[in-house]
Amino acid sequence: MFSCLCRLNAAEKAVPAVSAAADSTINIDKNNQMMLVFVERLKSGNIKEARKIANDMAAFSKKYQDDANTEYKSFYSNIEKEYYILKNKGSKKNVVWVPEPIADGYYFLAVIDFQEKKYQDAIDNIQKCIIWNPVRAPYYCERGFIFLNSGIYSDYVSAQVAYEMALECADNEDDFASALRGLAFALAAQNELEESAAAMILSQKYVPESADAKEHLLRLKNLVPSYDFNMDLKKAVKIFKESKIQTSFSPEHAEALLKIVSELKMPDEKEKALAFLVSANMIDPSNKAVETKLKEIQKIK
C-alpha cells in the first residue's frame, strides 16, 4: 500500500535505536516500542493510529524550550551527541539529550504526510525533525527524497543540499551510500548527468552489492547514448572534488568515537571500545590518535 515501507524497514532494523554507550537516562525500551508499533500500524494500513503515535512522540517537544544557556536535542545515539558537540565547539550552550523520541515523531509524521500527498506538511515536519536532531544522515536523505518527489513542491536544488548534508552527517557505509544514491537522482534531475554517474559509482565503493548503481547508469546511457558513463572510481572522485562535493566521511565522527572510548571502563568494556575504534579507523584512516588508542586497547588483558 505504501511506497515508503522500504524506507521504514530501517526503523525495525535499527532497534535498539539508542547506542549501548548512550546516556542511561534515555528510556530505550519505551522509545523502541513506540517506533515498532508505529511501523506495524503503517504496514497494516492503520494510518489513523500510526499518525496518533507519531503525534504523541512529537508532542513531547512541548516539554522543552531552549534558552540562552541550554539547547535540547533528540539524538539517536551518543555518537551523534558527541559529533554535534564537536561541530558546535564554539557554542557555550549546554546540550541536553532529551529522553523522548521527538525527532523520530516528526520524521514519521513527514512520512505519513508525504504518502497522503500533503507535501508542504511533509516538508515542514521533516524540517522540525532536523531541528531536533541536525546530525542524523537518514533524516536529510528523507528531506532530499521529499524535495525530489513532491510534485509542484519539488525543489531539486534543495534536494541536492539535503543529500550533501546527509554525506556530512553519515557515520557508516550504508548511510553514506544512501546519500550518494539520492544525490545521484537530485543531480540527474538538474541535468548534471556526469556528476550523477559519479555519485552512483562512488556509492559502490561503500555498498558494492547495490543494484541501484547499475540500473541508474543504464538509464543515463539510454538518455545520452554517445557518452560513456562507465567511469572508474578515480574519475568519479575527481569529478566530485571539482564540484566540491564530499567523497569520504567527515573526520569529526572519528573524534566523536574517540571521546566515547575515553569514557569506557577497561577491561570490562574492551570489546565495545575495539568496535568503536575499528569504526573510527574506517571513518578516518589518517587519524593517528585512533591508531594509537586501538593498539593500546588491544594490549589490555
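This one's a predicted model, so the numbers in the text were calculated from it and none came from an experiment.

Draft legend 1. Structural view of the overall build of the protein. Scanning the protein for helices and strands turns up 15 helices and two strands. Radius of gyration (C-alpha) of the protein: 20 Å, near the 19 Å computed for a compact globule of 301 residues. Seen through its principal axes, the protein has C-alpha atoms that stretch 60 × 50 × 40 Å. Counting all 301 residues of the protein, 50% fall into the buried class. Relative to all contacts within the protein whose residues are 6 or more apart in sequence, the contacts with residues 24 or more apart total 66%. Carbon together with sulfur atoms contributes 51% to the accessible area of the protein, which is approximately 15000 Å² in total.

Draft legend 2. Quick look at the packing of aromatic side chains. A full pass over the atoms with the stated rule returns 13 aromatic pairs. For the pair Y107 and Y139, a centre-to-centre distance of 5.6 Å together with 40° between the ring planes defines the contact as tilted. Separated by 32 residues along the polypeptide, Y107 in helix α5 (residues 102-115) and Y139 in helix α7 (residues 137-148) bring together distant segments of the chain. Residue class for Y107 comes out buried when judged on its relative accessible area of 11%. Through a chain of ring-to-ring contacts, the aromatic side chains of F38, Y107, F108 and Y139 assemble into a single cluster. In this structure, R136 is placed above the aromatic ring of Y76, and the distance from its NZ or CZ to the ring centre is 3.3 Å. Above the ring of Y139, the side-chain terminus of R136 is found at 5.7 Å from the ring centroid.

Draft legend 3. The arrangement of the state of the cysteines in detail. Tallied over the entire structure, the rule returns zero disulfides. There is no disulfide at C129, and the cysteine sulfur nearest it, in C169, is 11 Å away. Judged by relative accessible area, C129 falls into the buried class, the value being 0%. Distance from the sulfur of C169, which forms no disulfide, to the nearest cysteine sulfur (C141) is 9.7 Å. On the accessibility criterion, C169 (4% relative accessible area) is buried.

Draft legend 4. Quick peek at helix α6 (residues 119-132). Given a rise of 1.5 Å per residue, 14 residues ought to cover 20 Å, and the 20 Å separating the end C-alpha atoms of α6 matches this to within 8%. Every buried residue of α6 is accounted for by Y119, A122, I123, N125, I126, C129, I130 and W132. If you follow the buried residues of α6, they end up packed against β1 (70-73), α5 and α7.

Draft legend 5. Summary view of the environment of L277. In this fold, L277 is placed in helix α14 (residues 270-283). Accessibility expressed as a relative area gives 0% for L277, which makes it buried. A sequence separation of 46 residues divides L277 from M231, and the C-alpha atoms of the two residues are 33 Å apart. Leaving out residues up to four positions away in the same chain, L277 has contacts with L258, V261, V290, K293, L294 and I297.

Draft legend 6. Structural view of the packing of α6 against α7. The N-to-C vectors of α6 and α7 enclose an angle of 165°; their axes lie 10 Å apart at closest approach. The orientation of α6 with respect to α7, classified from their angle, is roughly antiparallel. Considering how the two elements wind past one another, α6 and α7 form a crossing that is left-handed. Across the interface between the two elements, A122, I123, I126, Q127, C129 and I130 of α6 pack against Y139, Y140, E142, R143, I146 and F147 of α7. Here the residues of the contact of α6 with α7 sort into nine nonpolar, one polar and two charged.

Draft legend 7. Molecular detail of the pattern of salt bridges. Applying the stated criterion across every chain yields a total of 15 salt bridges. When the shortest N-O distance is used, the salt bridge between K259 and E82 registers 3.9 Å. Residue K259 is located in helix α13 (residues 252-262), and its partner E82 is located in helix α4 (residues 78-87); the two are separated by 177 residues in the primary sequence. A salt bridge links E269 to K272, with the nearest nitrogen and oxygen atoms 3.3 Å apart. Residue classification places E269 among the partly exposed positions, given a relative accessible area of 22%. Each of R51, D113, E116 and K118 takes part in salt bridges that share partners, so that together they form one network.

Criteria and thresholds
- The residue numbering used here restarts from 1 in each chain and proceeds along that chain's sequence as written.
- Owing to the predicted nature of the model, reporting of local features is limited to residues with pLDDT of at least 70; listing and counting of side-chain atom pairs is limited to 80 or more, with chain, interface and lining totals taken over all residues.
- Calculated side-chain values reflect all of the structure's heavy atoms, with hydrogen atoms and water omitted.
- A run of DSSP states H or I qualifies as a helix once it reaches four residues; a run of E qualifies as a strand once it reaches two. Both are numbered from the N-terminal end.
- As a reference, a globule follows 2.2 Å times the number of residues to the power 0.38, and the radius of gyration itself is taken over C-alpha atoms.
- The buried label goes to any residue with under 20% of its type's maximum accessible area, the exposed label to any with over 50%, and the partly exposed label to all in between, with areas taken from a 1.4 Å probe on protein chains only.
- Contacts are residue-level and defined by heavy atoms, with any inter-residue pair within 4.5 Å sufficient.
- Methods summary: accessible areas were calculated by the Shrake-Rupley approach with a probe of 1.4 Å, and residue burial reflects only the protein chains presented.
- A pair of aromatic rings is counted whenever rings of Phe, Tyr or Trp (Trp by its six-membered ring) have centres within 6.5 Å, and the orientation is called stacked for planes under 30 degrees apart, edge-to-face for over 60 and tilted otherwise.
- For a lysine, the NZ atom is tested; for an arginine, the CZ atom; a charge sits over a ring if that atom is within 6 Å of the ring centre and within 35 degrees of the ring normal.
- Only a pair of cysteine sulfur atoms within 2.5 Å counts as a disulfide in this structure description.
- What a helix is expected to span follows from its residue count: subtract one and scale by 1.5 Å.
- To define axes, lines are fitted to C-alpha atoms, for helices over the stretch in contact only, and angles between the resulting N-to-C directions are given on a 0 to 180 degree scale.
- By definition in this entry, angles of less than 35 degrees are roughly parallel, angles greater than 145 are roughly antiparallel, angles of 65 to 115 are roughly perpendicular, and the rest are oblique.
- Note on convention: the crossing is left-handed when the near helix lies turned anticlockwise from the far helix by less than a right angle, right-handed when the turn is clockwise.
- Gly is placed with the polar residues, together with every amino acid not listed as nonpolar (Ala, Val, Leu, Ile, Met, Phe, Trp, Tyr, Cys and Pro) or charged (Asp, Glu, Lys and Arg).
- What makes a salt bridge here is a side-chain nitrogen of Lys or Arg within 4 Å of a carboxyl oxygen of Asp or Glu, nothing more.

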